[in-house]
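Topology and contacts: notes
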Amino acid sequence: QVQLVESGGGLVQAGGSLRLSCAASGHTLSSYAMGWFRQAPGKEREFVAAVSWSGGTTYYADSVKGRFTISRDNAKNTVYLQLSSLMPEDTAAYYCAADLQLGRPSRVIASYDYWGQGTQVTVSS
């Protein structure tokens, strides 16, 4: 069983930055792709970013490209999402997810096997 715990969310002004962390336990995730998704109130959960097991391949949603950076530290079994130049429309609960099927990182929610409980990011204008 994999447990994923996100942290680092909070309230920030537009233009500010946050770094989200996702710590895994119960399973070594160094062989698997990881992703970040977000869900705003009244909206569907959407893809934000994904990273391959090595960190060498990353994908981003067009809405965050150039502002967010996904990375991982396999020695710490942790994945990060650096959020910069934040905008009010980035306000959402952010979730990390693990894809235990070996392969390229995915933008598809159904590809992911385990999810964290989420961390709230609120951006004020």
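Preceding this section is the structure that the text describes.
So, here is what we can say about the structure in this document.

Reading the values: rules and limits
Residues numbered from 1 in each chain as written. Predicted model: local features only at pLDDT ≥ 70, side-chain atom pairs only at ≥ 80, totals over all residues. Heavy atoms only, no water. Helix = DSSP H or I, 4+ residues; strand = E, 2+ residues; numbered from the N terminus. Rg over C-alpha atoms; globule rule 2.2 N^0.38 Å. Buried < 20%, exposed > 50% of the residue type's maximum accessible area, 1.4 Å probe, protein only. Contact = heavy atoms within 4.5 Å. Areas by Shrake-Rupley, 256 points an atom, 1.4 Å probe, with all protein chains shown as cover. Polar contact = N/O pair within 3.5 Å; in protein donor to acceptor, adjacent residues only side chain to side chain. Core = buried A, V, L, I, M, F, W, Y, C linked by side-chain atoms within 4.5 Å. Pairing = 2+ DSSP bridges. Axes fitted to C-alpha atoms, helices over the stretch in contact; angles between N-to-C directions.

Right, let's talk about the overall build of the protein for a bit. From N to C terminus, the protein includes zero helices and 11 strands. When the helices and strands of the protein are placed in sequence order, the string is β-β-β-β-β-β-β-β-β-β-β. By the compact-globule yardstick of 14 Å for 125 residues, the protein fits well, its C-alpha radius of gyration being 13 Å. Overall size of the protein, expressed as C-alpha extent along the three principal axes, is 40 × 30 × 25 Å. Burial status across the protein gives 46% buried among its 125 residues. Taking the intrachain contacts of the protein between residues at least 6 apart in sequence as the baseline, contacts between residues at least 24 apart amount to 59%. Element-wise, carbon and sulfur atoms account for 48% of the exposed surface of the protein, whose accessible area totals about 6100 Å².

Glancing now at unusual backbone geometry. With glycine set apart, most residues show a phi of negative sign, and most peptide bonds adopt trans. Residue Asn-77 is not a glycine yet carries a positive backbone phi of 55 degrees. Within the element layout of this structure, Asn-77 appears in the loop between strand E7 (68–73) and strand E8 (78–83). On the basis of relative accessible area, Asn-77 is assigned to the buried category, the value being 16%. We note that Ser-85 has phi near 50 degrees; this positive angle belongs to a residue other than glycine. In this structure, Ser-85 sits in the loop between E8 and strand E9 (92–99).

Let us look at the side chain of Ser-106. Mapped onto the fold, Ser-106 is located in the loop between E9 and strand E10 (114–115). Residue classification places Ser-106 among the buried residues on the basis of a relative accessible area of 12%. Within the structure, the side chain of Ser-106 is placed 2.9 Å from the backbone nitrogen of Val-108, a separation counted as a polar contact. Dropping the residues within four chain positions of it, Ser-106 is found in contact with Phe-47, Ala-50, Asp-99, Ser-111 and Tyr-112.

What follows deals with the nonpolar core. If you look at the biggest cluster of nonpolar residues, it comprises 37 residues, and the most contacted ones within it are Leu-4, Leu-29, Trp-36, Leu-81 and Tyr-94. Sorting the residues of this core by element identifies strand E3 (18–25), strand E4 (33–39), strand E5 (46–51), strand E6 (58–60), E7, E8, E9 and strand E11 (119–124) as the ones contributing at least two each.

This next bit is on the sheet that holds E7. Strands belonging to one sheet form pairs held by backbone hydrogen bonds; the direction of such a pair is parallel or antiparallel. The sheet built from four strands is open, its strands ordered E1-E3-E8-E7 with antiparallel pairing. The two strands at the open ends of the sheet, each matched to only one other strand, are strand E1 (3–7) and E7. Taking each pair of neighbouring strands and ignoring which way they run, the sheet shows an average axis angle of 15 degrees. The pairing of E3 with E8 spans six bridges and is antiparallel. Along E8, the bridge assignment pairs Cys-22 with Val-79.

All we've got here are geometric facts, nothing functional implied.
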